[in-house]
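Residues per chain are reported as follows:
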Amino acid sequence: QVYGTDIVIPEKIDGMPVKEVTLHNKSLATLDVSNAIGLVKLDCSNSYDTAGPKLTSLDLSQNTALQILNCDYNNLTTLNVENLTSLKDFRCVNNQLSTLDVSKSPALDALYCDENNLTTLYTGATTLLTMLSCTRNNLVAIDISQNISLIYIQCNHNPITALDTTNSPSLRVFMCTDCHLETLD
């Protein structure tokens, strides 16, 4: 059981390395996971109606083993995931992010970054990415040319004018309503 709004996660509990941390709807003001270097899963998400404080920063620079990250419904303005090369499932829905770069996460399979203030989204050579949801942002363009495994893309409610899907032969679901698409390849 966790009490309080300022949480520090240790490297070990009862002599065992901390691998998973779930703090869903805990209204955290701060969260320090820098000592939990073996962390594989972190859920510090809230629900849309969670009252109380929300995270404004999250330092994951020491958590290079992290594979699953859910930090939905916080107030994060920046989030550096460049050291998270094992990241597979990443959810950062409804924060205040303006830029997101997941290009150094080659294992990434699913990215949910809806309802932020994103003007820039770098997916780079995340060739294993199958699921991308980035609705309700301010994205004018999305470069998915290197995301050759994409099966599902949802980019509704963005001012996107062009999107090239020619390098996404597995694409089965494409949702792009309320966009400004002029060109779709």
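Look up a bit, the structure's there.
Conventions we followed
Residues numbered from 1 in each chain as written. Predicted model: local features only at pLDDT ≥ 70, side-chain atom pairs only at ≥ 80, totals over all residues. Heavy atoms only, no water. Helix = DSSP H or I, 4+ residues; strand = E, 2+ residues; numbered from the N terminus. Rg over C-alpha atoms; globule rule 2.2 N^0.38 Å. Buried < 20%, exposed > 50% of the residue type's maximum accessible area, 1.4 Å probe, protein only. Areas by Shrake-Rupley, 256 points an atom, 1.4 Å probe, with all protein chains shown as cover. Lys, Arg positive; Asp, Glu negative; His and termini not counted. Charge placed at Lys NZ, Arg CZ, Asp CG, Glu CD. Pairing = 2+ DSSP bridges. Axes fitted to C-alpha atoms, helices over the stretch in contact; angles between N-to-C directions. Contact = heavy atoms within 4.5 Å. Salt bridge = Lys/Arg side-chain N within 4 Å of Asp/Glu carboxyl O.

K.L.:
How should I be thinking about the overall build of the protein in this particular structure?
P.N.:
Across its full length, the protein holds zero helices and 16 strands. Relative to a compact globule of 185 residues, whose C-alpha radius of gyration would be 16 Å, the protein shows 17 Å and is just as compact. For the protein, the C-alpha atoms occupy an extent of roughly 55 × 30 × 20 Å along the three principal directions. Buried residues in the protein amount to 42% of all 185 residues. When the accessible surface of the protein is split by element, carbon and sulfur atoms take 48% of a total near 8,900 Å². Averaged over its 10 positive side-chain charges, the protein has a centre that lies 7 Å from the centre of its 20 negative ones.

K.L.:
So what exactly am I meant to see when it comes to the sheet that holds strand β12 (residues 131-133) here?
P.N.:
Strands in a sheet are paired, the pairing made by backbone hydrogen bonds, and the direction either parallel or antiparallel. Here we have eight strands laid out as an open sheet, ordered β4-β6-β7-β8-β10-β12-β13-β15, and parallel in their pairing. Edge strands, defined here as strands with exactly one partner in the open sheet, are β4 (20-22) and β15 (173-175). With strand direction ignored, the average angle separating the axes of adjacent strands in the sheet is 5°. Note that strand β6 (residues 41-43) and strand β7 (residues 68-70) share three bridges and pair parallel. Opposite Leu42, over in β7, you have Leu69 as the bridge partner.

K.L.:
Sorry if this is basic, but what is going on with the environment of Leu31 here?
P.N.:
Positionally, Leu31 belongs in strand β5 (residues 30-32). Classification of Leu31 by relative accessible area gives buried; the value is 8%. Remark: the alpha-carbon pair of Leu31 and Ser47, spanning 16 residues in sequence, is separated by 17 Å. Residues contacting Leu31, with those up to four places away along its chain left out, are Ile7, Ile9, Leu23, Leu42, Cys44, Leu55 and Leu58.

K.L.:
How do you make sense of the pattern of salt bridges when you look at a structure like this?
P.N.:
Between side chains of opposite charge, pairing is possible as soon as their charged atoms come close. Applying the stated rule across the entire model yields two salt bridges. One salt bridge in this structure joins Lys104 and Glu82, with 4.0 Å as the shortest N-O distance. Of this pair, Lys104 sits in the loop between β9 (99-101) and β10 (110-112) while Glu82 sits in the loop between β7 and β8 (89-91), and the two are 22 residues apart along the sequence. Relative accessible area serves as the criterion here: at 46%, Lys104 is assigned to the partly exposed category. The partly exposed category is assigned to Glu82, whose relative accessible area is 41%. With a closest N to O distance of 2.9 Å, Arg91 and Asp89 form a salt bridge. By relative accessible area, Arg91 is classed as partly exposed at 27%.

K.L.:
Teacher, can you tell me more about unusual backbone geometry here?
P.N.:
A negative phi angle is the norm for most residues apart from glycine, just as the trans form is the norm for most peptide bonds. With a phi close to 55°, Arg136 is a non-glycine residue in the positive phi region. Within the secondary structure, Arg136 is located in the loop between β12 and β13 (152-154). A positive phi angle is found at Asp178, which is not glycine, with a value near 55°. Looking at where Asp178 falls in the secondary structure, it is placed in the loop between β15 and β16 (183-184).

K.L.:
Can you help me understand the environment of Asn83 in this one?
P.N.:
Along the chain, Asn83 falls in the loop between β7 and β8. For Asn83, a relative accessible area of 34% puts it in the partly exposed group. Put simply, Asn83 and Asn63 are 20 residues apart on the chain and 7.7 Å apart in space, counted from C-alpha to C-alpha. In contact with Asn83, not counting residues within four places along its chain, are Ser61 and Thr64.

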